[in-house]
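Here's the letter readout for the chains.
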Amino acid sequence: MTGSLIVNNLAGLMMITSLLVIGAKRPVVSCCWYALQSLVLVAIFFTLAETLQAHQLLLWSLSALITKVILVPLIMARAFSKLADPGADGGFISPPMLMLAAAVIVVLCWFVVAPVELPIAATLKPALAVSLGHFLLGLLCIVSQRNILKQVFGYCLMENGSHLTLALLANRAPELVEIGIATDAIFAVIVMAVMARKIYRTLHTLDVSQLTALKG
C-alpha cells in the first residue's frame, strides 16, 4: 500500500470519526472520539512526512500528538464532564440527515478539487476533498446543533479539517509556523470551555436557542 493510499484512507476515517463526535450523547465520549480522530490526523502527518520527504511534518505530528490527542481532549473532558442539559440534545438536523449531508459535502468537495492541478496533491485529491468536507461538516455542526458543547466540538472538527488541508498543501512550512498552528486549539478550547461553564452556571442551560436575551 502506497503512502498516498494510506493518507486517503485515513482521511476517510477522519470523516467517520467526525460523525461519531457529533452523534455521541455524552461530552466525555465525544472527547474520546475527538482524541481518536486527532490520532488519525497525527498518523496522516507522519505518513505525509515519509511520503513527501517533508520532515517538517514530523515536528508538526509531535506537537499535534501532545496538544490535540492529549491536552485538548483532557481539557474538554474535565470542563464538560459535569455539564448536562438533556433538553439541549439534538439539533435542527437529525443524525441520519447529518450523515447524508456529510456524504453530499464530500462529493461536492471532490468536484471542487478535481480540476485543481497541483503536483504536490496530484495523488492526494481524495484526502484534499475530505479535508475541505471535514471543515464544512464542522461548520454544519456549529449552525445545526443547539447544544453549546456540540458547537465547541464543531469548532474542533473545523480546525482538524483546516490542519489536514495545510498539511496537504503547505507541508514544507517552517517548523515554528507548524507548532503555532498545532497549539492554537488549546487556547481557543480553554476560552470556549470557560464561557460554556459560565453560561451553564448562570442560566442553567446549554441550549443556544434559549440565549436570546441580553441582560445589562
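Worth saying up front: this structure is predicted, and the values here are computed from it rather than measured.

Reading the values: the criteria
- Residues numbered from 1 in each chain as written.
- Predicted model: local features only at pLDDT ≥ 70, side-chain atom pairs only at ≥ 80, totals over all residues.
- Heavy atoms only, no water.
- Helix = DSSP H or I, 4+ residues; strand = E, 2+ residues; numbered from the N terminus.
- Buried < 20%, exposed > 50% of the residue type's maximum accessible area, 1.4 Å probe, protein only.
- Contact = heavy atoms within 4.5 Å.
- Areas by Shrake-Rupley, 256 points an atom, 1.4 Å probe, with all protein chains shown as cover.
- 1 Å grid on protein atoms, 1.4 Å probe; cavity = no way out; pocket = protein on both sides within 12 Å on 5 of 7 lines; lining within 4 Å.
- Points joined across faces, edges and corners; volume = space filled by probe spheres on them.
- Nonpolar A, V, L, I, M, F, W, Y, C, P; charged D, E, K, R; others polar.
- UniProt positions renumbered as here; feature names shortened; annotations may be inferred.
- Salt bridge = Lys/Arg side-chain N within 4 Å of Asp/Glu carboxyl O.
- Axes fitted to C-alpha atoms, helices over the stretch in contact; angles between N-to-C directions.
- Parallel < 35°, antiparallel > 145°, perpendicular 65-115°, else oblique.
- Patch = residues over 30% accessible without salt bridge, like charges linked within 9 Å, V, L, I, M, F, W, Y side chains within 5 Å.
- Core = buried A, V, L, I, M, F, W, Y, C linked by side-chain atoms within 4.5 Å.

1. With respect to the overall build of the protein chain
Then step 1. Looking only at helices and strands, the protein chain features seven helices and zero strands.
Then step 2. Along its sequence from the N terminus, the protein chain presents helices and strands in the succession α-α-α-α-α-α-α.
Then step 3. Every one of the 216 residues in the protein chain was classed for burial, and the buried ones make up 45%.
Then step 4. Within the protein chain, contacts between residues at least 6 apart in sequence are counted, and of these 77% link residues at least 24 apart.
Then step 5. As presented, the protein chain carries roughly 10600 Å² of accessible surface, and 74% of it is formed by carbon and sulfur atoms.

2. Side note on the layout of surface pockets
Then step 1. In this structure, the largest pocket spans a volume of roughly 530 Å³.
Then step 2. In this structure, the largest pocket is lined by 31 residues; those nearest its centre are I22, G23, A24, K25 and K150.
Then step 3. Contributing elements (two or more residues each) for the lining of the largest pocket: helix 1 (3–23), helix 2 (27–51), helix 4 (95–113) and helix 6 (148–169).
Then step 4. A per-element tally of the lining of the largest pocket places helix 1 first, with five residues.
Then step 5. Along the lines of polarity and charge, the residues of the lining of the largest pocket split into 18 nonpolar, eight polar and five charged.

3. Quick notes on the UniProt feature "transmembrane region" (unreviewed entry) in the protein chain
Then step 1. UniProt tags residues 6–24, 31–52, 58–80, 92–113, 119–140 and 176–196 as "transmembrane region" (unreviewed entry).
Then step 2. Segment residues 6–24 splits into 95% helix and 0% strand. End C-alpha atoms: 27 Å apart.
Then step 3. When the span residues 31–52 is considered, its composition is 95% helix and 0% strand, and the gap between its end C-alpha atoms is 31 Å.

4. Overview of the pattern of salt bridges
Then step 1. Enumeration according to the criterion identifies two salt bridges in this entry.
Then step 2. A salt bridge links E159 to K68; its shortest N-O distance comes to 2.9 Å. With E159 in helix 6 and K68 in helix 3 (residues 56–80), the pair connects residues that are 91 residues apart, well separated along the chain.
Then step 3. Relative accessible area serves as the criterion here: at 5%, E159 is assigned to the buried category.

5. With respect to unusual backbone geometry
Then step 1. If you check the backbone angles, H204 has positive phi at about 60° while not being a glycine.
Then step 2. As for its position among the elements, H204 is in the segment after helix 7 (175–203).
Then step 3. Its relative accessible area of 62% is what places H204 among the exposed residues.

6. Observations regarding the packing of helix 2 against helix 6
Then step 1. Two elements in contact, helix 2 and helix 6, have axes separated by 11 Å at closest approach and are oriented at 5°. Taken together, helix 2 and helix 6 sit at an angle that is classed as roughly parallel. Note on element contacts: helix 6 touches helix 2 through L149, K150, F153, C156, L157, E159, N160, H163, L164, A167 and L168, opposite P27, S30, C31, Y34, Q37, S38, L41, I44, F45 and L48.
Then step 2. In terms of residue class, the contact of helix 2 with helix 6 is built from 14 nonpolar, five polar and two charged.

7. Observations regarding a nonpolar patch on the surface
Then step 1. A cluster of nonpolar side chains, contributed by L36, L39, L59, L62, L65, I66, I70, L71 and L74, occupies part of the molecular surface with about 720 Å² of accessible area.
Then step 2. Put simply, the parts of the chain that give the nonpolar patch at least two residues each are helix 2 and helix 3.
Then step 3. Considering each element in turn, the nonpolar patch owes the most residues, seven residues, to helix 3.
Then step 4. With respect to the helices, strands and loops of the structure, L71 is situated in helix 3.

8. Observations concerning the packing of helix 1 against helix 6
Angle between the axes and distance between the axes: these two values describe a pair of packed helices.
Then step 1. Where helix 1 contacts helix 6, the axes come no closer than 10 Å and their chain directions differ by 170°. Judged by the angle between their axes, helix 1 and helix 6 are roughly antiparallel. Where helix 1 approaches helix 6, its residues V7, A11, M14, S18, V21, I22 and G23 are matched on the opposing element by K150, F153, L157, N160, L164 and L168.
Then step 2. Here the contact of helix 1 with helix 6 is composed, by residue class, of nine nonpolar, three polar and one charged.

9. Let's talk about the nonpolar core
Then step 1. One finds I44, L48, M76, F80 and L168 to be the most contacted residues of the largest nonpolar core, which totals 55 residues.
Then step 2. Mapped by element, the contributors of at least two residues to this core are helix 1, helix 2, helix 3, helix 4, helix 5 (125–144), helix 6 and helix 7.

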